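Descriptive analysis of the structure
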Amino acid sequence: MSVSVIVAVDEQNAIGADNQLLCHLPADLKYFKATTQGHTVVMGRRTFESLPNGALPNRRNIVVSGTMANSCPNVEVVPSLTAALHLTEGEDEVFVLGGGMLYKDALPLAQKLYITQIHHTFDKADTFFPCINETEWKLTLATKHEADERNAFACTFQVWERR
């Protein structure tokens, strides 16, 4: 099984503010859906609670939480990232969606990073992605998406693979 991290970050590695995404970028949401669809996604409780419609469709949803009841439709709740990964043994690629603490735990285990680099800095951010050591990672793909009428900010979709 390959552990992958998928995240959108601003120029300062910020990922969120008040348990919400930094901005609404339809291009990033489309990329996220295309990349994760058909796979298992693992997220923390607060990330799950921030989803507008509950469990993400066409994906196996696992929530890491010590306090959340396992009563949400189409969601499995486990107490740790280790337990989540144990449930996904034999799968080809599993995506960690955040939040900040789960990213920190997953980064040493990840083989691939899907990073949407938003070309902007958000002042009110309160949650950040850990800095990656570029000597451990190799950028294998970078696709720029310019700002347009639907996307207020330019971004670059990056794929990093562990060296």
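So, a few notes on the structure that sits alongside this text. (Residues numbered from 1 in each chain as written. Predicted model: local features only at pLDDT ≥ 70, side-chain atom pairs only at ≥ 80, totals over all residues. Heavy atoms only, no water.)

1. A closer look at unusual backbone geometry
This is how the line gets drawn: Counting from the N terminus, the helices are DSSP H or I runs at least four residues long and the strands are E runs at least two residues long. Type-normalised accessible area, obtained with a 1.4 Å probe on protein chains alone, sets the label of each residue: buried when under 20%, exposed when over 50%, and partly exposed for intermediate values.
Residue G99 is bonded to the preceding G98 through a cis peptide linkage, with omega at 10°. By the secondary structure assignment, G99 is in the loop between β7 (93-98) and α4 (100-106). Positive phi, normally seen in glycine, also occurs at N19, with a value near 60°. For N19, a relative accessible area of 34% gives the class partly exposed. The backbone of N74 sits at a positive phi, close to 65°, despite the residue not being glycine. Along the polypeptide, N74 turns up in the loop between β5 (60-64) and β6 (75-78).

2. Regarding the sheet that holds β5
Backbone-to-backbone hydrogen bonds join strands into a sheet, with any given pair of strands oriented parallel or antiparallel. Where we set the bar: A pair of strands counts as paired when DSSP detects no fewer than two bridges linking them. Lines fitted to the C-alpha atoms define the axes, with helices restricted to the stretch that makes contact. Angles between their N-to-C directions range from 0 to 180 degrees. Note on definitions: a residue-residue contact is assigned when non-hydrogen atoms from the two residues lie within 4.5 Å.
What the eight strands build is an open sheet, ordered β6-β5-β4-β7-β1-β8-β11-β10; its pairing is mixed. Edge positions in the open sheet fall to β6 and β10 (137-145), since each of these has one partner strand only. With strand direction ignored, the average angle separating the axes of adjacent strands in the sheet is 20°. Sitting on the sheet, helix α1 (residues 26-36) touches β1 (2-9), β4 (40-44), β7, β8 (112-118), β10 and β11 (155-162), and the angle it makes with β11 is about 30°.

3. Some points on the packing of aromatic side chains
Aromatic ring pairs are described here by two measures, namely the spacing of the ring centres and the angle between the planes. Selection rule: Side-chain rings of Phe, Tyr and Trp, where Trp is taken by its six-membered ring, are said to pair if the distance between their centres is within 6.5 Å; with planes under 30 degrees apart they count as stacked, over 60 as edge-to-face, and otherwise as tilted.
Tallied over the full model, the rule gives four aromatic pairs. Ring centres of Y31 and F157 lie 4.4 Å apart, and the angle between their planes is 25°; this geometry places the pair in the stacked category. Here Y31 is found in helix α1, whereas its partner F157 is found in strand β11, with 126 residues between them in sequence. F157 matches Y31 in its accessibility class, with the two residues each being buried. An angle of 50° between the planes, with centres 5.4 Å apart, marks the rings of F95 and Y114 as tilted. Of this pair, F95 sits in strand β7 while Y114 sits in strand β8, placing them 19 residues apart in sequence. One exposure class covers both F95 and Y114, and it is buried.

4. Focus: the pattern of salt bridges
Let me state the cut-off plainly: Any Lys or Arg side-chain nitrogen found within 4 Å of a carboxyl oxygen on Asp or Glu counts as a salt bridge.
If you walk through the whole model with that rule in mind, you get five salt bridges. Here E49 and R45 are joined by a salt bridge, their closest N and O atoms 2.9 Å apart. Pair noted here: E49 and R45 are both in helix α2 (residues 45-50), with a separation of four residues, about one helical turn. For R45, a relative accessible area of 29% translates into the label partly exposed. With a closest N to O distance of 2.6 Å, E76 and R60 form a salt bridge.

5. Looking at the sheet that holds strand β2 (residues 14-17)
Taken in spatial order, the three strands of this open sheet run β3-β2-β9, and their pairing is antiparallel. Edge positions in the sheet fall to β3 (20-21) and β9 (127-128), since each of these pairs with one other strand and no more. As judged from the two bridges shared by β2 and β3, these two strands associate in the antiparallel manner. Bridge pairing in β3 links A17 to Q20.

The analysis is restricted to geometry; functional conclusions fall outside its scope.
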